[in-house]
Amino acid sequence: MIEKLKQHRLLFIVLIIGIALFILYLRIQPHLTYSFSGLFDGSKYIKVYNYFAHITDEYQAIFPINTRIMVPYLSSLFPYEYPVNNFNTFNLIFIILSILALYTLWRNLDISSVHIMTGFFWLLIHWVGIIRNNIFDPITVDVPLYFFQAILLILILQKRYLWLIILGPLATIQKESFIALLIIALLVALYEDYKEKTGYKTSVILGLSLLLSIAAKSTVAYYF
C-alpha cells in the first residue's frame, strides 16, 4: 500500500497544486461580465442553464449551443445563487478528474515524470490552460473535454472498447465535436482490422458507439 502511494506521489502533488492554483486564481482573476455582449458563448450557455434552473420557461438556445446540455444541466444542480459559482464548482470537479485521467494516460504511454510535470505546468499555469482560462470565462462547456478525450485514448490503448458505448453518447451531449474523434477512431480501427484480419470486432463496437452518439445528439436536438 505504501509503495503504491509512493508511486503516485507525483499525482498527489499535481492535484494539490491544481486545487491551490484554482483557489488562488479564483480570488485574484476577475471573470467576464457576460452582460457586456450577447456574442460571448457564456451568454448563450446561460440561457440553457436558466432553463434547467427553472429561471426561464422557454428554451432559448440556438444551434449549436442547444445540444450541449450536459454541463449547464449539471451546473444547475449546485445550490449557489449565482450561475458563475455553480459553473466554477462544476469546472473544479472536472479539472480534478482531468488531472487524474491525463496522469493515467501519460503513465500508460510511459512518459517520464519530468515530461509529465512539464505538461501539467503548462496546463495548470498558462493563461489559456485548464484553470486560468476557465476562471476568466467560467460559463463554458469545454472543461470536461480534457477528461473525456483522455479517457477515450486510455480505453483505446487498453483495448476496452465496450466502454465507448457509454462514453460516446455522454461526451457528445457535452460537446458534439466528440463525434469527429469517434469517426477518426473508427477509420483507424477499420484499417487495422482489414490489415490484421481480426474479424472487425473493434470496428463494430466503435461503429455502434458512433451511431449511439449521433442518436444522442439527434435526440437532444429534437427535444431542445
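Residues numbered from 1 in each chain as written. Predicted model: local features only at pLDDT ≥ 70, side-chain atom pairs only at ≥ 80, totals over all residues. Heavy atoms only, no water.

**Student:** Looking at this model, I keep getting lost on the nonpolar core. Mind explaining?
**Tutor:** Proteins that are soluble and globular tend to have nonpolar side chains buried together. Ranked by internal contacts, the top residues of the largest apolar core, which has 63 residues, are Ile99, Phe120, Leu124, Ile131 and Phe148. When residues in this core are grouped by element, the largest group, 11 residues, is from helix 5 (residues 83-108). Filtering out sequence-adjacent residues up to four positions away, leucine 124 remains in contact with Val14, Ile17, Gly18, Leu21, Tyr25, Ile99, Ile130 and Ile131. (Core = buried A, V, L, I, M, F, W, Y, C linked by side-chain atoms within 4.5 Å. Buried < 20%, exposed > 50% of the residue type's maximum accessible area, 1.4 Å probe, protein only. Helix = DSSP H or I, 4+ residues; strand = E, 2+ residues; numbered from the N terminus. Contact = heavy atoms within 4.5 Å.)

**Student:** Help me understand the pattern of salt bridges in this model?
**Tutor:** Close approach of charged atoms allows side chains of opposite charge to pair. Counted according to the given criterion, the structure contains 2 salt bridges. With a closest N to O distance of 2.6 Å, glutamate 176 and arginine 68 form a salt bridge. Remark: arginine 68 occurs in the loop between helix 3 (41-52) and helix 4 (70-76) and glutamate 176 occurs in the loop between helix 9 (164-172) and helix 10 (178-196); sequence separation between them is 108 residues. The exposure class of arginine 68 is buried, given its relative accessible area of 8%. Between aspartate 142 and lysine 175 there is a salt bridge; the shortest N-O distance is 2.9 Å. (Salt bridge = Lys/Arg side-chain N within 4 Å of Asp/Glu carboxyl O.)

**Student:** Before we go on, may I ask you to explain the packing of helix 9 against helix 11 (residues 201-223) in this structure?
**Tutor:** Packed helices, taken two at a time, are described by the angle their axes make and the gap between the axes. Contact pair helix 9 / helix 11: the axes reach a minimum separation of 8 Å and the direction vectors enclose 30°. Here helix 11 runs roughly parallel to helix 9, going by the angle between their axes. Every pair of crossing elements has a handedness; the one defined by helix 9 and helix 11 is right-handed. Contact with helix 9, carried on its side by Leu164, Ile165, Gly168, Pro169 and Thr172, involves Ile205, Leu206, Leu208, Ser209, Leu212, Ser213, Ala216 and Lys217 of helix 11 and no other residues of that element. The residue makeup of the contact of helix 9 with helix 11, split by class, is 8 nonpolar, 4 polar and 1 charged. (Axes fitted to C-alpha atoms, helices over the stretch in contact; angles between N-to-C directions. Parallel < 35°, antiparallel > 145°, perpendicular 65-115°, else oblique. Left-handed = near helix turned anticlockwise from the far one by under 90°. Nonpolar A, V, L, I, M, F, W, Y, C, P; charged D, E, K, R; others polar.)

**Student:** Where do I start with the packing of aromatic side chains in this structure?
**Tutor:** The relation between two aromatic rings is expressed through the spacing of the ring centres and the mutual angle of the planes. The tally for this structure, following the rule as stated, stands at 14 aromatic pairs. Measuring from centroid to centroid gives 5.5 Å for tyrosine 49 and phenylalanine 87, while their planes differ by 45°, and the two rings are tilted. Placement of tyrosine 49 in helix 3 and of phenylalanine 87 in helix 5 is noted, with a sequence separation of 38 residues between them. When its relative accessible area of 3% is taken as the criterion, tyrosine 49 is described as buried. The buried category is assigned to phenylalanine 87, whose relative accessible area is 0%. Where tyrosine 59 meets phenylalanine 224, the ring centres are 5.0 Å apart and the plane angle is 55°; that geometry is what we call tilted. Within this pair, whereas tyrosine 59 is found in the loop between helix 3 and helix 4, its partner phenylalanine 224 is found in the segment after helix 11, the two being separated by 165 residues in sequence. Here a set of aromatic residues connected by ring pairs shows up, and it is made of Tyr51, Phe52, Tyr59, Tyr73 and Phe224. (Phe/Tyr/Trp six-rings, centres within 6.5 Å; stacked < 30°, edge-to-face > 60°.)

**Student:** Explanation requested: the side chain of threonine 67 in the structure shown.
**Tutor:** Here threonine 67 lies in the loop between helix 3 and helix 4. When near neighbours in sequence (up to four residues on either side) are disregarded, threonine 67 contacts Ile173, Glu176, Lys217, Val220 and Ala221.

**Student:** Where do I start with helix 3 in this structure?
**Tutor:** Each full turn of the α-helix corresponds to 3.6 residues, which orients residues three or four apart in the same direction. Relative to the 16 Å expected for 12 residues at 1.5 Å per residue, helix 3 spans 17 Å between its end C-alpha atoms, a close match to the ideal helical length. Among all positions of helix 3, only Gly42, Ser43, Tyr45, Ile46, Val48, Tyr49, Asn50 and Phe52 are buried. Tucked inside the fold, the buried residues of helix 3 contact helix 4 and helix 5. Remark: histidine 54 follows helix 3 within two positions and exhibits a positive phi of approximately 65°. (Expected span 1.5 Å × (residues − 1).)

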